[in-house]
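Architecture and fold: a report
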2 protein chains.
Amino acid sequence: MLGTMQDMELRVPRLIDHAAREHGMREIVTRWFDGRVTRSDWAGIHRDARRLAQALERLGVKPGDRVGTLAMNHQHHLTSWYGTIGMGGVLHTINPRLFDDQLAYIANHAEDQVLLYDKMFAPIVERMKPQWTTIRHYVCFDDGEFDALLDAEDGDYAWVEGPEREPCLLCYTSGTTGDPKGVLYTHRSTMIHALAEMQPAVFDLDSRGVALPVVPMFHAVGWGLPFAGAAAGVKFVFSAINEAKVLCHLMNSEKVTHSAGVPTVWLAMFQHMDESGEEPRHLKVVTIGGSAAPRAMIERIMKMGVRVNHAWGMTETSPIGTMGAPSPDWDDLTFDQKVDTTVRQGRVPFGVELRIVDDEDVVLPRDGVASGRLQIRGPWIIRRYFRAEEDCVTAEGWFDTGDVAALHPDGTMQITDRAKDVIKSGGEWISSVELENAAVGCPGVAEAAAIGVYHPKWDERPILLVVRKPGSSVTPEEITAHLVKHVAKWWLPDEIHFVDDLPHTATGKLLKTAIRKQYKDFKLAAA
Amino acid sequence: MLGTMQDMELRVPRLIDHAAREHGMREIVTRWFDGRVTRSDWAGIHRDARRLAQALERLGVKPGDRVGTLAMNHQHHLTSWYGTIGMGGVLHTINPRLFDDQLAYIANHAEDQVLLYDKMFAPIVERMKPQWTTIRHYVCFDDGEFDALLDAEDGDYAWVEGPEREPCLLCYTSGTTGDPKGVLYTHRSTMIHALAEMQPAVFDLDSRGVALPVVPMFHAVGWGLPFAGAAAGVKFVFSAINEAKVLCHLMNSEKVTHSAGVPTVWLAMFQHMDESGEEPRHLKVVTIGGSAAPRAMIERIMKMGVRVNHAWGMTETSPIGTMGAPSPDWDDLTFDQKVDTTVRQGRVPFGVELRIVDDEDVVLPRDGVASGRLQIRGPWIIRRYFRAEEDCVTAEGWFDTGDVAALHPDGTMQITDRAKDVIKSGGEWISSVELENAAVGCPGVAEAAAIGVYHPKWDERPILLVVRKPGSSVTPEEITAHLVKHVAKWWLPDEIHFVDDLPHTATGKLLKTAIRKQYKDFKLAAA
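Summary of the structure given here. (Residues numbered from 1 in each chain as written. Chains lettered and ligands numbered in written order. Predicted model: local features only at pLDDT ≥ 70, side-chain atom pairs only at ≥ 80, totals over all residues. Heavy atoms only, no water.)

1. Remarks on the packing of helix α7 (residues 187–198) of chain B against helix α8 (residues 225–232) of chain B
Residue and element names in this part refer to chain B. Counted only if it meets this: Angles shown run from 0 to 180 degrees and are taken between the N-to-C directions of axes, each axis being a line fitted to C-alpha atoms and, for helices, limited to the stretch in contact. For the purposes of this entry, the term helix denotes a DSSP run of H or I that reaches at least four residues, the term strand denotes a run of E that reaches at least two, and both are numbered from the N terminus. Crossing handedness: left-handed means the near helix sits turned counterclockwise from the far one by under a right angle, and right-handed means the same turn made clockwise. By definition in these notes, contact holds between two residues if any of their heavy atoms fall within 4.5 Å. All amino acids are sorted into three groups, where Ala, Val, Leu, Ile, Met, Phe, Trp, Tyr, Cys and Pro are nonpolar, Asp, Glu, Lys and Arg are charged, and the leftover types, Gly among them, are polar.
At a minimum axis separation of 8 Å, α7 and α8 run at an interaxial angle of 65°. Here α7 and α8 pass one another in a crossing that is right-handed. Contacts from T190, A194, E197 and M198 in α7 reach L225, F227, A228, A231 and A232 in α8. Counted by class, the contact of α7 with α8 contains 7 nonpolar, 1 polar and 1 charged residues.

Following this line, the structure appears as structure tokens:
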């Protein structure tokens, strides 16, 4: 027996139809590269998206074909999402910060047919064209080229219909090893994720919201905001450049209430605030994700009277995994306790499930003590990478995130390390991140890296590489004396070495792979 | 091509799994008939629901079978929802306020196998048993009977899986004419509705919320709160009796932040507040639905610093159709303007669509002026009544709500009348509700009813039946002079008659069918 309610495929174009119909006059503001500010609205994006759908069909794009974008955040980029998906295509956001061989690989692997790009990325396009073998049409978003494409169409267009399990969006992860891997989202996964994102415990979005996503639309698919924003009918404010001064002015002139970005965005904003005395005055909710937000950052934003959402997720998780929103006992907490809570990465929204497992895949307790490989499953989590031969999940659907975490009894999750960085000593795990965080709390220590090195009895033991602060003469004994106050005794590094500097990734994280490679034949003096 | 995300059927039991796993310690508080207060939590409801699922199977209930409840709001009723649905059954909430012939009809029509009932409704059960032909087992929620049923089971149970389009819930509408009609909700419709309900523009629910649904769980399926509440992980506070004093005490002792009920609940609460000097002190969001909330009620609640959600919906719409939450320009509005906004019934959340049509089914503009029959469609709207021979919607899925409304350019909807009460004069519509509301604003008028009577030229013309306030000698001329300030001239009633009283329904609404019947052969003096 089946129920007798109406049914309709959960397709992404319904979002832009809804936004245009119910929130048509809600503005979409863009601050372009050159400083110009233009204004459209949801009705305008809806009209433009239908014209783009017609234009793509005229260019020979068929349902299922991929259309690439190489662009920052602006109204035309938003239009390209809804126009491409609306004509049945798959929107493929390309990260312009990738290396050339990655750029070549992913556009060819995706078999992109059309590339829409920002003028500022024209040098990349010119350089890559000879290597891109499937792209037949290049359209620049600037200098009237995109406008001309739309102006040739009348917008009298009905979205392509189809099953909700068809793909709509493609985004590649750029791992540090191997080729990038594509995540192919379905209409269904995207829609369920968008519905979940609006709730108060996630982005807390309604039509009163004025959202400035600092996160680029090519990063983990813009954290889903272009979809959830349409469902909620927010006013969007886009900035094509992410300079703190520009963002701060825009946040104030457009009365931005919601923003979202990686931690470095806020470091830059703090610097601007300190130098200029300005600060964003209308913010209510700031979401920080991409990597763990430092405690001091959370504190400072909360002191501005702003709610901090500490998010965890990845391209493979659409990307919302958990969100560190206010807890049930929030109003009874002291400020410091509120910060303690927010430092954790929060809870899953309804839909996804977490578990932690040990090296033998035994499920560990949710006791806030055990720490294990974090796995996730749910209707907006990856099953298989694009064009892969097999699934990347267990038979029960668990996807291994590569993070190590603890799960607390109240449901909150706390990332303790990356799985590949964890130090495995005598069958137990030592968190390199916790050792490093404890070490940098020691006076005289500028930066520290903890890695595991071979030990004949314990398999691995930690060593600590320390960069001293200028003028400091801190000793290994002083550092150890400091560490013993913060970590278990058996976690203490067997050796502490001072180095002049440590290698970093492009985004400023420690490049552990390089450090481990450098120390792979290291012999402990006492082993 | 299909996308490569994970997939899982959207089934209701995932809600209670989520609540138990992520918010297991969040309390479920019940204030019973006899004044006892008991406490469970989401983990407890989860355990009990699994035991009930086992017990129902032991009683011979099969997936797809209907299990009836005749009960007020309490933890056992909540358990029965999840236990029944979890074993693949269809939970059928029965309104104990129905007439005997309706009670007989719907339990037999639903073919209920088991009835779970409150002791306070035992007289109904004893009276109806001879007429109920399909119910094989009666279990009282009280006196340890329900507990004993659960205590015989160990709770080691895995929910029945199946397609998301299977039914999970059945609720009958009790129209004033004809037999009651059943709405058979699917897991899918229920889940999409629950996700939508959490958002800030609807119930605004997260795990910080403490929700006391005054709306009974048998009324339009408890407005979906038992589902959305689990998804959000709220603390629930249930009261098995709806006495204002009890509710007010409970709201304060349990720090209730969210409540929901029909307007009469708040009239009773105001009376209690006036008499006792007490008031609910922790409320943040009050949702009023079921019938239009009077302006004065909205004003008074808003003056308490509480957000008023003015909801519109019906059993056929799961029930959320629209929600009158704060508008984008909210912070710039004066208090009176905020009330003006809230008096309207608000916007649709993403998922449902509205339109208004005239007598020839021509779609009318969304200009805030045109008024027509309100139609709705979407993934949580009815397609066909239970066991009906044909669909109750148009080919494009539009369900005619029986309401007459205007749609404003900003997306807000305003109910102007019930379709069957509208007065059709010369091809144009006159709202009986607006005439009545204008009339009761005239000094000396206690109550007024406007109905259409036959007119040879205009088809219908309005007459107004007025009950004077005690001691008043207001004249037809004075009433007309008042009306002309509030309605179009051609809306003015052709005749005004004074009557001693007017007939009402059980819930206090004007019984227009009876009035129209009484005046069906009325002849206008001037016609």
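So, next bit.
2. Thoughts on the sheet that holds strand β11 (residues 258–261) of chain B
All names here are of chain B. As a reminder of what qualifies: Paired strands are those between which DSSP finds at least two bridges.
Strands sit in the order β2-β1-β10-β9-β11-β12-β13-β14 across an open sheet of 8 strands; the sheet is mixed. Unpaired on one side and paired on the other, β2 (37–41) and β14 (320–324) mark the two borders of the sheet. Taken over all neighbouring pairs, the strand axes of this sheet differ in orientation by 20° on average, direction set aside. By the bridge criterion, 4 bridges tie strand β13 (residues 307–313) to β14 in an arrangement that is antiparallel. Within β14, the residue paired with A311 across the bridge is M323. Of the strands in this sheet, β1 (27–31), β9 (210–213), β10 (235–239) and β11 touch helix α9 (residues 244–253), which is tilted by about 160° from β10. Helix α10 (residues 263–276) rests against β11 and β12 (285–288) of the sheet, and its axis sits at about 125° to β12.

3. Comments concerning the interface of chain A and chain B
Test applied: As a working definition, buried area equals the accessible area (1.4 Å probe) given up by two parts on being put together, with both sides summed. Definition used for salt bridges: Asp or Glu carboxyl oxygen within 4 Å of a side-chain nitrogen of Lys or Arg. Polar contacts, as counted here, are pairs of nitrogen or oxygen atoms within 3.5 Å of one another; within protein the pair requires one atom able to donate a hydrogen and one able to accept it, and residues that are adjacent in sequence qualify only if both atoms are side-chain atoms.
Every contact between the two is made by 77 residues of chain A and, on the other side, 77 residues of chain B. Interface area lost by chain A to chain B is led by M5, Q6 and F350 of chain A, which between them contribute 15%. Linking chain A with chain B are 14 salt bridges. Close ionic contact of R208 of chain A with D331 of chain B constitutes a salt bridge, the shortest N to O distance being 3.0 Å. Across the chain A-chain B interface, the total number found is 30 residue pairs in polar contact (both at pLDDT 80 or more). Going through the elements one at a time, α1 (13–22), β8 (181–186), α7 (187–197) and β16 (372–377) of chain A are the ones with two or more residues in the side of chain A that touches chain B. Top contributing element to the side of chain A that touches chain B by residue count: α7 of chain A, with 6 residues. Classifying every residue of the side of chain A that touches chain B by side-chain character gives 38 nonpolar, 15 polar and 24 charged.

Limitation: the analysis is restricted to geometry and does not speak to function.
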